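Chain residues, written in single-letter form:
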Amino acid sequence: MTASDTRPLTAVRSFPPGFLWGAATAAYQIEGAAAEDGRTPSIWDTFSHTPGRVFEGHTGDVAVDHYHRFREDVALMSELGLNSYRFSVSWSRVQPTGRGPAVQKGLDFYRALVDELLAAGIEPALTLYHWDLPQELEDAGGWPERSTAERFAEYAGIVADAVGDRVSRWTTLNEPWCSAFLGYGSGVHAPGRTDPVAALRAAHHLNLGHGLAVRALRAALPAGRPQQLSVSLNLHEVRPLTGSAGDLDAVRRIDAVGNRIWLGPMLEGAYPEDLLADTAHLTDWSFVRDGDTATAKQPLDLLAVNYYAPTLVSEVAEGAEKPQDDGHGDSEHSPWPGADRVAFHRAPGERTAMGWPVDAGALYDLLKRVSAAYPGLPLVISENGAAYEDVVGPDGSVHDPERAAYVHAHLEAVHRAMADGVDVRGYFLWSLLDNFEWAYGYAKRFGAVRVDYDTLERTPKSSARWYARVARSGELTAPDAG
Ligand code: IFM
């Protein structure tokens, strides 16, 4: 773990030609049309319709109605100067039972979206899985079961057959840590289970599913077209509260179950020994079969990193009460198996509306660390952004200087990492639109574009106009530079 680098930034912050200037979304958060054209419930439909799971009972039934308004949304992307757009496919829209033949109407939606993007000169970046498992597959055991990984590879092949002639950028999973540990560990995400062993089994089958899906994609995608295959990991930049041996061990444990549980199998072909030891009281990991980690380790063209805030930890002293605010929601069940004696702290200083600390230096450190660990593997920032309490002016406009300042600081960190030799190929702002923020419902707004949830009207915020200038010019100007 290195401390933040405080060297002065280079004066002109130009990003190279070809750098991806994007924004990201996910199917359940924006599409709506939950029961249209053959789509069946995903675990998030079930979860959001279960009383008490999501803030004020909000659901993604309508969300921001992107399913019907995607043309208007692509026009907005053009207005924002984006040259790439990251979206996810709703599995139960294209394969309602999670197995068997695809529904053409569901695939047609993504075909039309991709065509609209390409016509606007915007490169599609497709994520196969952003947390919305078909409910039927959860009923059959969900990610803790091996068969889900096999189904995922079949689904990957279906989507590749449908749009592989037009889409070159593919991501298998988004933030599998959240799927495994918030979904099956702390239960604050769908499907809301609270079983640490199920969470570890889910993690393994997500790793396996990733590897099987990469293989399926390579087999189905047209030969002779350059393809960029990746996975999006929310890598945790973990920092110790003090330099004590106990606090450094807390960092090691969270790094193991937060980061290396994915990086190990996917990039090195093995689980870290210390992770297996930390969790040995829970499981012997016999659900890992011979050859699984070799399958998980498929050659990738890029590693996609989602970053929002660092994680500050310490060891819990014997007999002391354990502070539990890890920024991932309220639950008496921990999403960190093998780290029972680790406490999470709120770093002092500025925070976003999620309560997450603002620390762009930690993004720099993370990029340097990952690139040193995996030289030759280009990186892309597949998500970064912030929720704030936006205020709507009398004319309907939103002036959001905090969001622009957050993005500016993080782009500076990316630029500095690039100047110091890190190969970063692009930046995707989270998110294009205000949307369904999972257990927080519509209460937290991450969008560059405001959505009025009564009328579904879209209004670019002032941060979006500034981001558009940066994206168009490739020059990082300060948000107040006009
Ligand atoms: O909204 C989420 C997104 O779905 C996954 N990454 C973090 C974002 C903000 O919480």
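Preceding this section is the structure that the text describes.
## Quick notes on the sheet that holds strand β1 (residues 20-24)
In step 1: The strand order β1-β2-β3-β4-β5-β7-β10-β11 describes a closed barrel built from 8 strands, whose pairing is parallel. Within this sheet the neighbouring strands show an average axis-to-axis angle of 25°, counted without direction.
In step 2: In this sheet, strand β4 (residues 169-174) lies alongside strand β3 (residues 123-129) in parallel orientation, the contact comprising 4 bridges. Note on β4: the bridge partner recorded for leucine 126 is tryptophan 170.

## Notes on the site of the ligand
In step 1: Lining the immediate surroundings of the ligand are Gln29, His130, Trp131, Asn174, Glu175, Tyr308, Trp356, Glu383, Trp430, Glu437, Trp438 and Phe446.
In step 2: With respect to the ligand, the side chain of glutamine 29 contributes an N or O atom lying 2.7 Å from an oxygen atom.
In step 3: The contact in question runs from an oxygen atom of the ligand to an N or O atom on the side chain of histidine 130, over 2.7 Å.
In step 4: Protein chains bury 95% of the 280 Å² of accessible surface belonging to the ligand in isolation.

## Let's talk about the side chain of aspartate 132
In step 1: When you line up the elements, aspartate 132 lands in the loop between β3 and α6 (135-139).
In step 2: An unpaired buried charge is present at aspartate 132: no salt bridge exists, and arginine 39, the closest side chain of opposite charge, is 5.2 Å distant.
In step 3: In this structure aspartate 132 touches Ala27, Tyr28, Ser42, Ile43, Trp44, Val89, Ser90 and Trp91, once residues within four positions along its chain are discounted.

## Brief notes about the packing of helix α14 (residues 401-419) against helix α15 (residues 462-473)
In step 1: As a packed pair, α14 and α15 sit with axes 8 Å apart at the nearest point and diverge in direction by 30°. Classed by the angle they form, the pair α14 and α15 counts as roughly parallel. Residues Arg403, Ala404, Val407, His408 and Leu411 of α14 touch α15, and the partners they reach there are Ser463, Trp466 and Tyr467.
In step 2: Across the contact of α14 with α15, the residue classes break down as 5 nonpolar, 2 polar and 1 charged.

## What to know about the environment of tyrosine 28
In step 1: Looking at the secondary structure, you find tyrosine 28 in helix α1 (residues 27-30).
In step 2: Residue class for tyrosine 28 comes out buried when judged on its relative accessible area of 3%.
In step 3: Here the alpha-carbon distance between tyrosine 28 and histidine 328, two residues 300 residues apart in the chain, equals 19 Å.
In step 4: Setting aside chain neighbours within four positions, we find tyrosine 28 in contact with Arg39, Ser42, Trp44, Asp45, Ser48, Thr59, Gly60, Asp61, Ala63, Asp132, Phe436 and Trp438.
In step 5: Within polar-contact distance, the side chain of tyrosine 28 engages the side chain of serine 48 at 2.9 Å.

## A closer look at the packing of aromatic side chains
In step 1: Overall, the coordinates contain 35 aromatic pairs when judged by the stated rule.
In step 2: Plain terms: the ring middles of phenylalanine 87 and tyrosine 110 are 6.4 Å apart, the flat faces sit at 10° to each other, and that makes the pair stacked. On the criterion of sequence distance, the pair formed by phenylalanine 87 in strand β2 (residues 84-88) and tyrosine 110 in helix α5 (residues 104-119) is long-range, its members being 23 residues apart.
In step 3: For phenylalanine 87, a relative accessible area of 2% gives the class buried.
In step 4: Aromatic pair tryptophan 91 and phenylalanine 152: ring centres 5.7 Å apart, planes at 55°, arrangement tilted. Of the two residues, tryptophan 91 sits in helix α4 (residues 91-94) while phenylalanine 152 sits in helix α7 (residues 146-163), which places them 61 residues apart along the sequence. Note on accessibility: tryptophan 91 and phenylalanine 152 belong to one class, buried.

## Things to note about the packing of helix α13 (residues 360-373) against α14
In step 1: Interaxial distance between α13 and α14 falls to 8 Å at its minimum, and their mutual angle equals 30°. Taken together, the axes of α13 and α14 are roughly parallel relative to one another. The two elements α13 and α14 cross, and the hand of that crossing is right-handed. Here Ala360, Leu363, Tyr364 and Leu367 of α13 lie close against α14, whose contacting residues are Ala409, His410, Ala413, Val414, Arg416 and Ala417.
In step 2: Here the contact of α13 with α14 is built from residues that sort into 8 nonpolar, 1 polar and 1 charged.

Definitions and limits used
Residues numbered from 1 in each chain as written. Predicted model: local features only at pLDDT ≥ 70, side-chain atom pairs only at ≥ 80, totals over all residues. Heavy atoms only, no water. Pairing = 2+ DSSP bridges. Helix = DSSP H or I, 4+ residues; strand = E, 2+ residues; numbered from the N terminus. Axes fitted to C-alpha atoms, helices over the stretch in contact; angles between N-to-C directions. Near = heavy atom within 4 Å. Polar contact = N/O pair within 3.5 Å; in protein donor to acceptor, adjacent residues only side chain to side chain. Areas by Shrake-Rupley, 256 points an atom, 1.4 Å probe, with all protein chains shown as cover. Buried < 20%, exposed > 50% of the residue type's maximum accessible area, 1.4 Å probe, protein only. Lys, Arg positive; Asp, Glu negative; His and termini not counted. Salt bridge = Lys/Arg side-chain N within 4 Å of Asp/Glu carboxyl O. Contact = heavy atoms within 4.5 Å. Parallel < 35°, antiparallel > 145°, perpendicular 65-115°, else oblique. Nonpolar A, V, L, I, M, F, W, Y, C, P; charged D, E, K, R; others polar. Phe/Tyr/Trp six-rings, centres within 6.5 Å; stacked < 30°, edge-to-face > 60°. Left-handed = near helix turned anticlockwise from the far one by under 90°.

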